[in-house]
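# Secondary and tertiary structure notes
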Amino acid sequence: MGAEHRLDLPAVGERQSLREQVAHALRAALVTGEMRPGVVYSAPALAQQFGVSATPVREAMLDLAKEGLVEAVRNKGFRVTELSARDLDELTELRRLIEVPTVARLADDAPAAEFARLRPLAEDIVAAAERGDLLAYVDADLRFHLELLALSGNSRLVSVVTDLRNRARLYGLSQLLGEKLVSSAREHLTLLDALESGERDAAGRIMAEHIGHVRGIWAAPDPRP
């Protein structure tokens, strides 16, 4: 699929640098499915839609390429990377192996006050899901999980999980709005309840189930026929 697909992207403002705001808009297009796996997008064409030069668009796309979200296509632009069901299953397995035991240990090791500090962020995830704000949902969810894992004191672990989550990002999350997404969002609050109560086994079980649900809700199946 090499043809350009017209995107409905917001105009760029001035609160952030052009590069940052373009990258933010492109992330939104990836999450909502406006930018589709396998399609090649040229920086000049996207720049025309934003009303800016091609340079900040190209820089933003290179930032996304570093995260594995797109890949450069010589003399053409950037292709949204495709993930097979097997790719996503392998990434999910790695997350389970790392995150489940780490989060379970936090029930014993981390002060309850740290979990209470994360509760407003968990509530933001639920609120974003309820109002259908997909980008806010994704942003709050990422912050929650990384800040939770940071309580382990292992910065390398947080870096590895950040990379895994970036690579397992979803296409077409907009198709999954509704109670299913809200239910997954509420699992963050249930997890905090278990952690604050010092329930190690329950915390591990909830984390494992949550990652499994995320695989079904966030990670789209193989988009190729």
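Everything numeric in this text was worked out from a predicted model, so none of it was measured.

This next bit is on the packing of helix α4 (residues 85-109) against helix α7 (residues 155-167). For the pair α4 and α7, the least separation of the axes is 10 Å and the interaxial angle reads 145°. Viewed along their axes, α4 and α7 form a crossing whose handedness is left-handed. Counted together, L91, L94, R95, I98, E99 and T102 of α4 and L157, V160, V161, L164, R165 and R167 of α7 form the full contact between these two elements.

Here L134 lies in helix α6 (residues 134-150). Accessibility expressed as a relative area gives 7% for L134, which makes it buried. Note: C-alpha distance between L134 and V31 (103 residues apart in sequence) is 7.3 Å.

With that out of the way, let us pick up the side chain of S42. With respect to the helices, strands and loops of the structure, S42 is situated in the loop between β1 (40-41) and α2 (43-50). When its relative accessible area of 14% is taken as the criterion, S42 is described as buried. From its side chain, S42 meets the backbone nitrogen of A45 in a polar contact 3.2 Å long.

Right, let's get into α2. The α-helix advances 3.6 residues per turn, and as a result positions three or four apart in sequence lie on the same side. Those residues of α2 not exposed but buried are A43, L46, A47 and F50. All buried residues of α2 fall inside an arc of 105° around its axis, so they share one side. One side-chain oxygen of the residue at the start of α2 lies 3.2 Å from the amide nitrogen of A45, identifying that residue as S42. Just downstream of α2, G51 is the residue with a positive phi angle, here 80°.

Right, let's get into the packing of α4 against α6. Helices that pack against each other are described as a pair by the angle of their axes relative to one another and the distance between those axes. The geometry of α4 relative to α6 is characterised by a closest axis approach of 9 Å and an angle of 65° between their N-to-C directions. Between α4 and α6 lies a crossing of left-handed hand. Contacts between α4 and α6 involve E99, T102, V103 and L106 from the former and H145, L148 and L149 from the latter. Each residue belonging to the contact of α4 with α6 can be placed in one class, and the counts come to four nonpolar, two polar and one charged.

Let us look at the pattern of salt bridges. For side chains of opposite charge, pairing can occur when their charged atoms come near one another. Scanning the model with the defined rule gives twelve salt bridges in all. Across the salt bridge formed by R86 and E90, the nearest N and O atoms sit 3.1 Å from each other. Of this pair, R86 and E90 both sit in helix α4, four residues apart, which is roughly one turn of that helix. Overall, R86 belongs to the exposed group, its relative accessible area being 62%. The shortest N-O distance in the salt bridge between D193 and R119 comes to 2.8 Å.

Basis of the calculations
Residues numbered from 1 in each chain as written. Predicted model: local features only at pLDDT ≥ 70, side-chain atom pairs only at ≥ 80, totals over all residues. Heavy atoms only, no water. Axes fitted to C-alpha atoms, helices over the stretch in contact; angles between N-to-C directions. Helix = DSSP H or I, 4+ residues; strand = E, 2+ residues; numbered from the N terminus. Left-handed = near helix turned anticlockwise from the far one by under 90°. Contact = heavy atoms within 4.5 Å. Buried < 20%, exposed > 50% of the residue type's maximum accessible area, 1.4 Å probe, protein only. Polar contact = N/O pair within 3.5 Å; in protein donor to acceptor, adjacent residues only side chain to side chain. Arc of directions from axis to C-beta. Nonpolar A, V, L, I, M, F, W, Y, C, P; charged D, E, K, R; others polar. Salt bridge = Lys/Arg side-chain N within 4 Å of Asp/Glu carboxyl O.

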